[in-house]
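Here is how the chains run, residue by residue.
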Number of protein chains: 2
Amino acid sequence: MREQFRQEMHDLTKTLTLEAQAAAKAMKRAAAALKNANLAVAEQVIDSDSRIDLLERHIDDMGISMLARQAPVASDLRTVVSALRLSSILERMGDLARHVAYVARGRYPQTPVEGDVFAILSRMADQAEIVGKKVAELIETHDLRLADAIIDDDDVLDDLHREIFSIVLDPGHDLSRQEIVDAVLLSRYLERYGDHAVSVANRMRFLVTGLEPN
Amino acid sequence: MREQFRQEMHDLTKTLTLEAQAAAKAMKRAAAALKNANLAVAEQVIDSDSRIDLLERHIDDMGISMLARQAPVASDLRTVVSALRLSSILERMGDLARHVAYVARGRYPQTPVEGDVFAILSRMADQAEIVGKKVAELIETHDLRLADAIIDDDDVLDDLHREIFSIVLDPGHDLSRQEIVDAVLLSRYLERYGDHAVSVANRMRFLVTGLEPN
């Protein structure tokens, strides 16, 4: 029984890592699709999203089954409950990457915007890609220095998000309505991706230390 | 022990209902703040959000404590796990109402937009208010007819969301950049509120029937 439980905990953690890696890869590809107006890569993001959803479902099934059969306590209980929460945050991160890919696909063969707005959105996409990678590493390694780094990275995303708004609202920048709409939505998706990464960081701190996220 | 467990289950469900009612009230007020450019009501939404966050935290603490001490199974386990998930969805719904209130407050004493866009956003806000109310009733009563109604209501929100985009992108409508940005974000917040309501509906169906949400 005990050995089976250990194996199930291992499988749960492994599957969560796979989901995190998939959500990171989705943003890596979405960033590339956005920056290079790459239709094939945008399609890959969109097609791969169902795999992230499946991993989430799988984690939920495993977690609930373990709660029902094994009644874990203390840090094991935290691991299972955390997995149930993290799986849905990661699924949402995958969705946001998909939303970015939709916009990239919709404007192909152009990029959605150009000039300054494109430069900032590209930086946001790069930053989101970095954050996604750190989230996957944090979930795999439990190294809380990554949690701190994710929170700093999110601050950068928030700053860039504000920059997008000040440019978009400045009539000195020549922008079509479609460009304004795309810029606002892309910026929002990327900023939200960072917010979810911060939620992961806080949940992982709770998992590792047992202290409530603030 | 058994009686204490029943009491704790009752408290958990009661607190979840309170959170749902708070998230519904937040959107009711946010809709009023938006439609009537009412600063005081916008401030109420913003100030009340911390109460929703507190209720979420309280539900999480209760749920995890019950899992640790009582090791519930079958429908009791579903209730506890569902509460943990629903609490975070409801918290997010409260956040979205707060985002709507921020925009209303930022444009006071004007409304953020006028004309056709205002008319559609007002309908979306009314619809979101209705959805929020049904979510609270569904959580309180477990009446799955409300789950079906929420899914239909969300379709209406999605249609109105698309209408906003077609108007905003139409150069025939005279709109400032600020109006375009506000319309896109408000429409997105309200549409997302509906999406979360659908998640609640699916989770409640799982809770009541034991069948996985699709």
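Calculation rules
- Every chain is numbered on its own, with residues counted from 1 as its sequence reads.
- As a convention, the first chain written is A and the first ligand written is 1, with the rest following in written order.
- The predicted origin of the model limits local features to residues at a pLDDT of at least 70 and limits the giving and counting of side-chain atom pairs to 80 or more, whereas totals for whole chains, interfaces and linings rest on all residues.
- The side-chain values count all of the structure's non-hydrogen atoms but skip hydrogen atoms and water molecules.
- UniProt positions are given in the numbering used here, feature names are shortened, and annotations may be inferred rather than shown by experiment.
- Under the scheme used here, helices are H or I runs from DSSP no shorter than 4 residues and strands are E runs no shorter than 2 residues, and both carry numbers assigned from the N terminus.
- Any pair of residues with heavy atoms lying within 4.5 Å of one another is described as a contacting pair.
- What makes a salt bridge here is a side-chain nitrogen of Lys or Arg within 4 Å of a carboxyl oxygen of Asp or Glu, nothing more.
- In protein, a polar contact means a hydrogen-donor-capable atom and an acceptor-capable atom, both N or O and within 3.5 Å, with residues adjacent in sequence counting only if both atoms are side-chain atoms; elsewhere, any N or O pair within 3.5 Å suffices.
- Superposing copies: least-squares fit, C-alpha atoms only, residues required to have pLDDT of at least 70 in both.
- Note on classification: 1.4 Å probe, protein chains only; a residue is buried when its accessible area is under 20% of the maximum for its type, exposed when over 50%, partly exposed between these limits.

Named according to an unreviewed UniProt entry, chain A is Phosphate-specific transport system accessory protein PhoU originating from Arcanobacterium haemolyticum. Within the UniProt record for chain A, the comment given under Sequence similarities (unreviewed entry) is "Belongs to the PhoU family." Quoted verbatim from the Function (unreviewed entry) field of the UniProt record, the comment on chain A reads "Plays a role in the regulation of phosphate uptake."

**Q** Sorry if this is basic, but what is going on with the UniProt feature "domain: PhoU" (unreviewed entry) in chain A here?
**A** Mapped onto this numbering, the UniProt entry annotates "domain: PhoU" (unreviewed entry) at residues 20-102 and 121-203 of chain A. Across residues 20-102 of chain A one finds 94% helix and 0% strand; the C-alpha atoms that close the span lie 21 Å apart.

**Q** Could you clarify how one ought to interpret the interface of chain B and chain A in this entry?
**A** Accessible area lost on assembly of the parts is the figure often given for the size of an interface. Taken together, the contacts link 38 residues of chain B with 38 residues of chain A. Joining chain B to chain A, the criterion identifies two salt bridges. In this assembly, chain B and chain A are joined by eight residue pairs in polar contact (both at pLDDT 80 or more). Listing elements by their share of the side of chain B that touches chain A, those giving two or more residues are helix H2 (39-70), helix H3 (74-107), helix H5 (144-168) and helix H6 (177-209) of chain B.

**Q** Honestly, the relation of the copies chain B and chain A in this entry has me stumped. Any pointers?
**A** These two copies of the chain differ by a rotation about an axis and a displacement along the same axis. For the pair chain B and chain A, the superposition axis carries a translation of 0.0 Å, the fit reaches an RMSD of 0.0 Å, and the rotation angle comes to 180°. The symmetry that links the two subunits is that of a two-fold axis. In terms of C-alpha distance to the rotation axis, chain B has Ala71(B) as its closest residue, with the C-alpha 2.6 Å off the axis. Here 100% of the interface residues in chain B have copies in chain A that are interface residues too; the copies meet face to matching face.

**Q** When you look at the side chain of Asp49(A) in this model, what are you seeing that I'm missing?
**A** Summarising the element assignment, Asp49(A) is placed in helix H2 (residues 39-70). The residues touching Asp49(A), leaving out its near neighbours within four places in the chain, are Gly94(A), Asp95(A) and Arg98(A).

**Q** What's the story with the pattern of salt bridges in this structure? I'm lost.
**A** Side-chain pairing between opposite charges can occur once the charged atoms of the two side chains come close. One pass over the full model with this rule turns up 36 salt bridges over all chains. Its salt-bridge partner being Arg69(A), residue Glu8(A) comes within 2.7 Å of it at the nearest N-O pair. Here Glu8(A) is found in helix H1 (residues 2-36), whereas its partner Arg69(A) is found in helix H2, with 61 residues between them in sequence. Residue classification places Glu8(A) among the buried positions, given a relative accessible area of 14%. Given the relative accessible area of 42%, Arg69(A) is considered partly exposed. Across the pair Arg85(A) and Asp60(B) runs a salt bridge, and its minimum N-O distance is 2.8 Å. Within this pair, whereas Arg85(A) is found in helix H3 (residues 74-107), its partner Asp60(B) is found in helix H2, the two belonging to separate chains. Neither Arg85(A) nor Asp60(B) differs from the other in exposure class; each is buried. Several salt bridges converge on common partners, so that one network encompasses Asp49(A), Arg92(A), Asp95(A) and Arg98(A).

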